[in-house]
Amino acid sequence: MAQFDLPAECEAAEPPEARGLSRDHVRLLISDVAHEAIHHTRFDDLPRWLQPGDLLVVNTSGTLSAALPAANESGERCELHLSTAVPGGFWAVELREWSPLASRPSRRGRPGLKLHLPDGASAMLLAPWPLDGRLEGPSRLWLAAVDAPKPLHEYLAKYGEPIRYTYVPEPWPLSMYQTIFAEEPGSAEMPSAGRPFSAGLVTRLVARGVQIAPLLLHTGVSSLETDEPPYDEFFRVPHDTARRVNAARHDGHRIVAVGTTVVRALATVTDPGGTVHPGEGWTSLLVGPDTPRLPVDSLITGLHEPRATHHSLLERLFHEAARRSPSARGNAGAQLARAYAVARDHGYLWHEFGDAHLVLS
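Enquirer: It is not clear to me how the pairing of strand β6 (residues 77–86) should be interpreted in this structure. Could you clarify?
Expert: Successive side chains on a regular strand alternate, one facing one side of the sheet and the next facing the other. Within β6, 8 of the 10 residues are buried, which leaves it mostly tucked inside the rest of the structure. Here strand β5 (residues 67–71) runs beside β6; their pairing, made up of 5 bridges, is antiparallel. Within the sheet, the bridge partner assigned to Pro-69 lies in β6 and is Glu-79. Where β5 folds back onto β6 in an antiparallel hairpin, the turn is made up of 5 residues, including Gly-75, whose phi is positive at roughly 85°.

Here it is, written out as structure tokens:
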């Protein structure tokens with residue numbers, strides 16, 4: 001995983017709209033891996049960098065207001081983050097210490113702990129999630145039973161707020177955490193690679209002949225603070241999307257994933273020969289240097305935190321993108337490090353409200 005210092009001035013503390021920008025006016029760093037080049041532009045310039053027939057694959061998961069105010073059995077104020085809906089009506093949740101700026105991770109959870117939520121609702125922590133054989137001991141996530149007076153999505157819409165971390169000091173409405181592709185609510189945190197897209201930009205891409213295909217992956221809580229690998233997440237790759245990915249690859253067009261969530265979902269249903277299949281279920285796949293076949297060769301993503309597991313995926317993708325250029329194959333890792341150094345030196349912004357990075361094969 002990448003090791004570097006992230007200056008505070010490189011952290012996006014508010015949406016671009018609050019900085020006087022439209023969604024598609026954030027900056028776009030382009031890593032042209034095959035040509036060993038870096039370019040600087042604006043996100044609404046994206047159509048110029050794609051070709052007719054290229055296929056964008058997007059995540060249609062919508063963001064939930066997944067942060068709930070809570071109190072423990074002693075009446076002490078805390079916060080509960082709902083991460084992932086688990087079969088059987090349970091949830092994977094994260095207990096957080098309350099703070100006036102933004103909540104912090106808590107290791108005070110235990111089996112049987114009851115949390116009081118607004119309007120008489122409650123949550124009971126049952127066991128660490130995932131369970132490694134020990135019920136006792138610290139755990140970031142917990143399997144919980146949530147008892148609410150109305151359907152949980154309605155309840156969250158009324159009493160919850162979007163999850164935010166300390167680099168975002170002020171709360172923002174849920175609309176700021178939705179992408180234009182969002183159709184099915186279920187993500188604890190925004191699939192943020194899709195945020196810079198606007199309706200006008202999508203129209204221009206389609207007019208250029210760029211295809212767009214949907215899939216679904218509901219994101220859980222991120223690993224920003226303690227650098228864990230991603231947890232199991234629910235995904236769905238429709239039959240038509242799998243067919244279009246295979247057809248575009250067969251015809252020599254690029255498959256451009258909009259976000260690491262898209263890479264994870266597609267890689268889960270890619271067979272050893274490189275064929276993508278439709279599928280639905282839970283994925284625990286961690287895409288990295290040892291992943292044998294990637295179903296994509298280009299990626300639109302944000303800029304990821306030091307030591308985040310996303311860098312393993314980026315490293316694998318840089319090597320995949322470099323395969324078309326013999327001179328680039330041996331230094332794909334150096335190109336990734338250079339891209340991040342350039343981003344810091346040029347003041348690009350990190351996190352969900354920040355700038356974008358196009359890794360282009």
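Back to the text.
Enquirer: Where do I start with the packing of aromatic side chains in this structure?
Expert: The geometry of an aromatic ring pair comes down to the distance between the two centres and the angle between the two planes. Within this structure, the stated rule accounts for 8 aromatic pairs. Taking the centre distance of 6.0 Å and the plane angle of 70° together, the rings of Phe-234 and Trp-282 count as edge-to-face. You can see Phe-234 sitting in strand β14 (residues 233–237) and its partner Trp-282 sitting in strand β16 (residues 279–283), a full 48 residues away along the chain. Three or more aromatic residues joined by ring pairs make a cluster, and in this case those are Phe-43, Phe-181 and Phe-197. Positioned above the aromatic ring of Tyr-348, the side-chain terminus of Arg-27 is 3.9 Å from the ring centre.

Enquirer: Could you clarify how one ought to interpret the pattern of salt bridges in this entry?
Expert: Charged atoms that come close allow side chains of opposite charge to pair. Within this structure, the stated rule accounts for 15 salt bridges. In this structure, Arg-264 and Glu-233 form a salt bridge, with 2.6 Å as the shortest nitrogen-oxygen distance. One end of the pair, Arg-264, is in helix α4 (residues 260–268); the other, Glu-233, is in strand β14, and 31 residues separate them in sequence. Given a relative accessible area of 5%, Arg-264 falls into the buried group. Here Asp-240 and Arg-244 are joined by a salt bridge, their closest N and O atoms 3.9 Å apart. Note that Asp-240 and Arg-244 are positioned in helix α3 (residues 239–250) at a spacing of 4 residues, about one turn of the helix. By relative accessible area, which is 35% here, Asp-240 ends up partly exposed. Since its relative accessible area comes to 19%, Arg-244 is described here as buried. Salt bridges sharing partners connect three or more residues here, namely Glu-17, Arg-23 and Arg-195.

Enquirer: How should I be thinking about the nonpolar core in this particular structure?
Expert: Within soluble globular proteins, side chains that are nonpolar tend to cluster in buried spots. Core analysis: the biggest nonpolar cluster contains 44 residues, and Val-57, Val-237, Val-263, Leu-266, Leu-299 and Trp-350 have the highest contact counts within it. Among the secondary structure elements, those contributing two or more residues to this core are β3 (55–59), β13 (211–217), β14, α3, β15 (255–258), α4, α5 (310–322) and α7 (332–345). Contact partners of Leu-266, with chain neighbours within four places excluded, come to Val-57, Leu-215, Val-237, Val-276, Pro-295 and Val-296. Within the second largest apolar cluster, 40 residues are counted, among which are Leu-95, Ala-123, Trp-142 and Tyr-177.

Enquirer: Honestly, the pairing of strand β11 (residues 141–147) in this entry has me stumped. Any pointers?
Expert: Of the strand pairs in this sheet, strand β7 (residues 90–97) and β11 are connected by 4 bridges, and their pairing is antiparallel. Its bridge partner lying in β11, Ala-92 is registered against Leu-143. The pairing of strand β10 (residues 122–128) with β11 spans 6 bridges and is antiparallel. Counterpart to Ser-122 in the pairing with β11 is Asp-147.

Here is what the cut-offs are and how they apply
Residues numbered from 1 in each chain as written. Predicted model: local features only at pLDDT ≥ 70, side-chain atom pairs only at ≥ 80, totals over all residues. Heavy atoms only, no water. Buried < 20%, exposed > 50% of the residue type's maximum accessible area, 1.4 Å probe, protein only. Helix = DSSP H or I, 4+ residues; strand = E, 2+ residues; numbered from the N terminus. Pairing = 2+ DSSP bridges. Phe/Tyr/Trp six-rings, centres within 6.5 Å; stacked < 30°, edge-to-face > 60°. Lys NZ or Arg CZ within 6 Å of the ring centre and 35° of its normal. Salt bridge = Lys/Arg side-chain N within 4 Å of Asp/Glu carboxyl O. Core = buried A, V, L, I, M, F, W, Y, C linked by side-chain atoms within 4.5 Å. Contact = heavy atoms within 4.5 Å.

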